[in-house]
Protein chains: 2
Amino acid sequence: MQKEARPGTGEQAKQHALVQLRQAILRGEMAPAQRLVENELAEQFGVTRASVRAALIELESEGLVERIRNRGSRVRVVTVEEAVAITECRMALEGLCAAKAAVEASDEQLAELADLGAAMTKAVADGEPVTYSELNHEVHARIREFSGQQVAVGLLERLNAQLVRHRFQLALRPGRAQQSLSEHLAMIEAISARDPQAAEAAVRVHLGSVIDALRD
Amino acid sequence: MQKEARPGTGEQAKQHALVQLRQAILRGEMAPAQRLVENELAEQFGVTRASVRAALIELESEGLVERIRNRGSRVRVVTVEEAVAITECRMALEGLCAAKAAVEASDEQLAELADLGAAMTKAVADGEPVTYSELNHEVHARIREFSGQQVAVGLLERLNAQLVRHRFQLALRPGRAQQSLSEHLAMIEAISARDPQAAEAAVRVHLGSVIDALRD
DNA sequence: ACCAACAAGATTGTCAACAATTTTGTTTCG
DNA sequence: CGAAACAAAATTGTTGACAATCTTGTTGGT
């Protein structure tokens, strides 16, 4: 175990630990339910335990880490039912964002969405699921952004972070991309048509199908 | 300044500080934008600074407190635009909960809602705005609870906590209770009729009118 | 009088040591 | 052989002190 970076360069130690730990969890480098011992993490990141501790507290309220009194922290495992519940909330909130984006987005932003749609179509045609998954994520992020609804954006980012592991499993499923593609195109079309109700409906259809896929 | 309680009785110091501070903020005992100095709070609650610190980090991600690097913490002030944005999110999430509650709630739980509706009607008739406001809050809490949607419940509780100050202002407005009452009764009726779509629509109507009232 | 540089005070960020708690392994008794 | 009691190890919770940073008040020059 060697120290990864130098927190002495003015970079706040707690922030450093927070960023590193979050990345490690989101990248899936930590096994599900893996124990997170404060001392080990402190040495690994080259900071003190107090900083790791502060980071863990923050990650707990982000829903990425589970902490039990006097028993330590572990990577939180999201069950399938939880993933479904989270996606239901996404349905409500992303529906709101899509409706607002249909009204608020500039013409340039709509063009950007159209470009993303074309890129997704190409990725599916070329059979590149990884690229497609990234574009998928990007489309959702852009729609959130264009809505201008900061509160919803914050909530959604937190929710999405909890779904990383399930997202992986979903993306690699054969035939999933094709269905997902048409749903995304429908979302983009409705927003471009500046039709809030249709945009919200399209998002609901899409995430409804995600829920079905999650349930296997 | 005297110590308020005994953290030595096994009650974890950080939890103690967290609960105390949260209550103080929610009760409005801390003036808006008031500075929260770690040392003062530590002495006031009879715990050490580290515990206060941990509590502040948690309250920050709950959106109740604002922390700036090396500059300290203060009670977060929610602007009117933010309150509107938060209520838009409530609209989406409580709509989801109402729809699920219409399907999932037991007959006993529906009876409980009916009782609350009757109590609200009486409170308005008797001209007791404080009682009405409490019942109002209770109805929303029950509907959330009956939905069984744990994730949405968590998000909504966080959002509601940020609105305390605005809620006060809203409740005392003359004529507001009458309009609010009929909207609540419509929500209860739709859920009792086990009609998810109507329930969701009723919630949206209600919170839409809250948004209008917020904007003055 | 005004502005910049500087110094003093206040406050947060970090650290290492200590105490409390839980878990695990061992022993002893039935 | 199994179960309860006990002891040892690991880990988290807490504490007080120290360092870094920001704010404020003061001073000196123009």
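What you are looking at is a predicted structure, and each value in this text was computed from that prediction instead of being measured. (Residues numbered from 1 in each chain as written. Chains lettered and ligands numbered in written order. Predicted model: local features only at pLDDT ≥ 70, side-chain atom pairs only at ≥ 80, totals over all residues. Heavy atoms only, no water.)

Engineer: What should I look at first to understand the protein's contact with DNA strand D in this one?
Structural biologist: Residues in close proximity to DNA strand D total 16 residues, the closest being Arg49 and Arg53 of chain A together with Ala13, Thr48 and Arg71 of chain B. Counting only the atoms of DNA strand D within 4 Å of the protein, the fraction contributed by sugar and phosphate is 79%. Side-chain polar atom of Thr48 of chain B to a phosphate oxygen of DNA strand D: 2.4 Å apart, as the coordinates give it. Between DNA strand D and Asn70 of chain B there is a distance of 3.2 Å, counted from a sugar or linking oxygen to a side-chain nitrogen or oxygen. (Near = heavy atom within 4 Å. Polar contact = N/O pair within 3.5 Å; in protein donor to acceptor, adjacent residues only side chain to side chain.)

Engineer: What am I meant to see in the domain arrangement of chain A here?
Structural biologist: Interfaces are frequently sized by the accessible area removed from exposure as the parts join. All names here are of chain A. If you check the domain split of chain A, you get domain 1 (7-75) and domain 2 (80-214). Listed by partner, the interface residues are 8 residues for domain 1 and 5 residues for domain 2. Taking both sides of the interface into account, the surface hidden between domain 1 and domain 2 amounts to around 560 Å²; carbon and sulfur atoms contribute 55%. The interface formed by domain 1 and domain 2 contains 0 salt bridges. At the boundary of domain 1 and domain 2, one finds 3 residue pairs in polar contact (both at pLDDT 80 or more). Along the lines of polarity and charge, the residues of the side of domain 1 that touches domain 2 split into 4 nonpolar, 3 polar and 1 charged. (Domains from an automatic or database assignment. Contact = heavy atoms within 4.5 Å. Buried area = accessible area lost by both parts, 1.4 Å probe. Salt bridge = Lys/Arg side-chain N within 4 Å of Asp/Glu carboxyl O. Nonpolar A, V, L, I, M, F, W, Y, C, P; charged D, E, K, R; others polar.)

Engineer: Would you mind going over the sheet that holds strand S2 (residues 65-68) of chain A with me for this structure?
Structural biologist: Pairing between the strands of a sheet comes from backbone hydrogen bonds, and it takes one of two forms, parallel or antiparallel. All names here are of chain A. Pairing is antiparallel across the open sheet formed by 3 strands, whose spatial order is S1-S3-S2. Each end of this open sheet is capped by a strand with a single partner; those strands are strand S1 (35-36) and S2. One ladder, built from 2 bridges, connects S1 with strand S3 (residues 72-75); its direction is antiparallel. When the bridges of S3 are listed, Leu36 appears paired with Ser73. (Pairing = 2+ DSSP bridges. Helix = DSSP H or I, 4+ residues; strand = E, 2+ residues; numbered from the N terminus.)

Engineer: How should I be thinking about the relation of the copies chain B and chain A in this particular structure?
Structural biologist: With an axial shift of 0.0 Å and an RMSD of 0.1 Å, the rotation relating chain B to chain A amounts to 180 degrees. Those values place the two copies in the arrangement expected of a two-fold rotation axis. If distances are taken from each C-alpha of chain B to the rotation axis, the shortest is found for Ala92 of chain B, at 2.5 Å. A share of 96% of interface residues in chain B that are also interface residues in chain A marks the association as one of identical surfaces. (Least-squares fit on C-alpha atoms with pLDDT ≥ 70 in both.)

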